[in-house]
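Next come the chains, spelled out residue by residue.
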Amino acid sequence: MSEAVQAIGESPEPEHATRLFCEAAVPRLADAAAVYLDGGAQHRVDPGGRLPPQWAGDGSRAPELVDERLIVVPLRAYGRPVGSAVLARARERSPFAEADLLAARQLGVPAALTVFHGRLHRRQLETVETLQRGIRPGSPPELPGLEISFRYQPAAERVGGDWFDVIPLPGSRVALVVGDVMGHGLAAATVMGQLRTAVQTLASLDLPAEQVLHSLDEMAQRLAAQTLTTCVYCVYDPVLRRCTIASAGHLPPVLVGADGKAELLAPPRCPPIGLGCTPFETMEIAADDDSMLVLYTDGLVEERGTDIGQSVDTLCRKLSTGAPMEALCDGVLPATRADDVTLLAIRFKGIPSGDVAQWLVEPQPMTPGRVRRLVRRTLTMWGLEAMIPAAQLLASELVTNAVRQTSRPITIRLMRTDVLLCEVSDDDHRMPIMREPGALDEDGRGLYVVSQLADRWGTSRVAGGKTVWFSLPIPDGRPR
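The structure displayed is predicted, hence computed values, not measured ones. (Residues numbered from 1 in each chain as written. Predicted model: local features only at pLDDT ≥ 70, side-chain atom pairs only at ≥ 80, totals over all residues. Heavy atoms only, no water.)

**Things to note about the overall build of the protein chain**
Right, so step 1: The helix and strand inventory of the protein chain stands at nine helices and 22 strands.
Right, so step 2: Scored against the burial criterion, the 480 residues of the protein chain give a buried share of 49%.
Right, so step 3: Across the protein chain, the fraction of contacts at a sequence separation of at least 24, relative to all contacts at a separation of at least 6, is 64%.
Right, so step 4: Carbon together with sulfur atoms contributes 52% to the accessible area of the protein chain, which is approximately 23,700 Å² in total. (Helix = DSSP H or I, 4+ residues; strand = E, 2+ residues; numbered from the N terminus. Buried < 20%, exposed > 50% of the residue type's maximum accessible area, 1.4 Å probe, protein only. Contact = heavy atoms within 4.5 Å. Areas by Shrake-Rupley, 256 points an atom, 1.4 Å probe, with all protein chains shown as cover.)

**Re a nonpolar patch on the surface**
Right, so step 1: Taken together, the side chains of Y78, V109 and L113 make up a nonpolar region of the molecular surface, amounting to roughly 310 Å² of accessible area.
Right, so step 2: Tracing the backbone shows Y78 in the loop between β6 (70–77) and β7 (80–88).
Right, so step 3: Residue Y78 is classed as exposed on the basis of its relative accessible area of 57%. (Patch = residues over 30% accessible without salt bridge, like charges linked within 9 Å, V, L, I, M, F, W, Y side chains within 5 Å. Salt bridge = Lys/Arg side-chain N within 4 Å of Asp/Glu carboxyl O.)

**Here we look at the side chain of T297**
Right, so step 1: Locating T297 in the fold gives a position in the loop between β16 (292–296) and α5 (308–319).
Right, so step 2: For T297, a relative accessible area of 0% puts it in the buried group.
Right, so step 3: Apart from the residues within four sequence positions on either side, T297 is in contact with D162, V178, G179, D180, H250, L251, D340, V341 and T342.

**Points about the packing of helix α7 (residues 367–381) against helix α8 (residues 388–405)**
Right, so step 1: Their axes nearest at 9 Å, the elements α7 and α8 cross at an angle of 145°. The element α7 and its partner α8 pack so that their crossing is right-handed. Taken together, the residues of α8 that come into contact with α7 (itself represented by T367, P368, V371, R372, R373, V375, R376, L379 and T380) are I388, A391, Q392, A395, S396, V399, T400 and V403.
Right, so step 2: Of the residues contributing to the contact of α7 with α8, the split by class is nine nonpolar, five polar and three charged. (Axes fitted to C-alpha atoms, helices over the stretch in contact; angles between N-to-C directions. Left-handed = near helix turned anticlockwise from the far one by under 90°. Nonpolar A, V, L, I, M, F, W, Y, C, P; charged D, E, K, R; others polar.)

**Looking at the nonpolar core**
Right, so step 1: L379, I412, L414, L420, V424 and F470 are the most contacted members of the largest nonpolar core, which has 31 residues in total.
Right, so step 2: Looking at this core, the elements that each hand over two or more residues are β18 (356–361), α7, α8, β19 (410–416), β20 (419–426), α9 (446–453) and β22 (465–473).
Right, so step 3: Looking at which element gives the most residues to this core, the answer is α8, with eight residues.
Right, so step 4: The contacts of L420, once residues within four sequence positions are left out, are L379, W382, M387, A391, L414, M415, F470, S471, L472 and I474.
Right, so step 5: The next biggest cluster of nonpolar side chains, apart from the first, holds 27 residues, and it includes V181, L216, V235 and F280. (Core = buried A, V, L, I, M, F, W, Y, C linked by side-chain atoms within 4.5 Å.)

**Section: the pattern of salt bridges**
Right, so step 1: According to the stated counting rule, one finds 14 salt bridges in the structure shown.
Right, so step 2: Its salt-bridge partner being D427, residue R408 comes within 3.6 Å of it at the nearest N-O pair. Here R408 is found in the loop between α8 and β19, whereas its partner D427 is found in the loop between β20 and α9, with 19 residues between them in sequence.
Right, so step 3: Taking relative accessible area as the criterion, D427 reaches 26% and is therefore assigned partly exposed.
Right, so step 4: With its nearest N and O atoms 3.1 Å apart, the salt bridge here joins D428 to R430.
Right, so step 5: Relative accessible area serves as the criterion here: at 11%, D428 is assigned to the buried category.

**Re the environment of V254**
Right, so step 1: Residue placement: V254 occurs in strand β13 (residues 254–256).
Right, so step 2: Owing to a relative accessible area of 0%, V254 belongs among the buried residues under this scheme.
Right, so step 3: Taking the C-alpha atoms as reference, V254 lies 9.2 Å from A266; in sequence the two are 12 residues apart.
Right, so step 4: Those residues within four positions of V254 in sequence are excluded, and the remaining contacts are A262, E263, L264, M292, L293, V294, Y296, L315, C316 and L319.

So, in structure tokens, the structure goes:
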């Protein structure tokens with residue numbers, strides 16, 4: 001029927017008016033006709049630039065024979081204008097007839113529906129991609145005492161059910177998490193996002209590793225019924241150089257020693273997350289400096305026709321080559337994959353003992369003054385004299401609160417990493433609450449002062465009591 005059929009107008013809104021030069025669509029067309037979409041109205045501009053009045057419409061008109069070789073078909077779907085189609089015929093062909101208008105009307109209905117649903121599908125894809133970008137694991141933070149390398153490769157273009165996290169904890173400790181929601185696609189990604197948020201929340205409470213998995217198991221039964229998830233949760237202490245590991249049905253981690261020898265760890269065997277009423281247990285290992293812990297999901301080692309135990313042994317052999325960490329991570333990735341692949345490698349560096357000072361003091365009235373002297377002496381030794389006034393004041397405030405609340409010895413720890421960290425621990429389980437003191441209040445200003453002067457501060461429950469801490473930035477150029 002026509003030499004060219006072209007839909008014009010990506011949007012019926014006036015601010016997105018679209019212009020089509022018919023000479024570009026059909027080079028042999030003699031007349032230059034410009035067609036506009038403007039709020040659903042179609043207009044033809046003649047060579048003189050005049051706008052014929054019969055072209056001012058509301059977008060609901062039937063196909064119109066503009067001239068004997070040009071038809072414009074308004075496209076509407078579900079009562080809304082979605083565009084316009086131009087049908088043009090070369091001069092050497094016979095002119096359009098009334099039958100062509102009827103055919104154009106019939107073609108306009110499916111064309112309008114196609115355009116409408118195409119745009120709707122595109123918007124849905126954009127929404128899904130935006131949501132999935134929000135829950136996709138990103139680059140972990142740089143933390144003192146460890147080096148981190150990771151690989152995250154979804155099997156499809158969009159994120160699946162695998163995730164990992166590196167979560168800072170009080171005392172320069174760090175939580176390491178790798179999880180895998182069984183299943184694929186958007187459903188698995190949705191559950192993954194919920195569980196990942198839950199893990200981050202539980203970790204912020206500084207709960208023991210086994211308690212994190214137990215609480216996650218309870219949440220999973222409410223958030224994602226009939227969905228199983230494997231997860232490994234580790235807590236690394238760079239000061240004590242110890243690592244606690246709890247696993248819920250996950251593949252065993254690999255520990256690569258400083259000598260390059262890889263060893264498959266064997267945490268207590270516990271069922272996956274989501275079964276309920278499951279006790280979780282932990283194992284503790286020595287995290288020697290320059291050793292490396294490797295956490296991964298089954299997509300890294302699972303291969304059709306091969307026993308997964310053999311694949312894990314192959315992974316250990318690949319990790320025993322002694323290559324740099326980045327090269328090791330690249331070397332163990334599968335050439336092809338049918339499942340999501342997640343790999344998290346952590347090289348333990350520890351925090352030197354010379355950068356840590358710790359004291360045990362009695363809760364007596366003269367203790368805050370003694371702590372101020374200890375802080376001054378330590379910061380002078382570290383070459384951080386400029387930080388002494390602020391550190392003394394804030395440490396004294398925390399120790400004063402602890403003296404009032406406990407009758408047992410108080411632990412104070414100073415740590416120099418990328419920041420100056422001070423922790424005060426006592427056996428009182430009541431968490432302090434910050435409040436802004438009134439003009440006539442004689443006390444209650446301790447935590448308020450800390451919150452105003454410290455770069456960061458917080459509280460956490462620990463075995464046998466609580467820890468209140470603050471950190472201050474170390475001036476540029478000072479030793480770290």
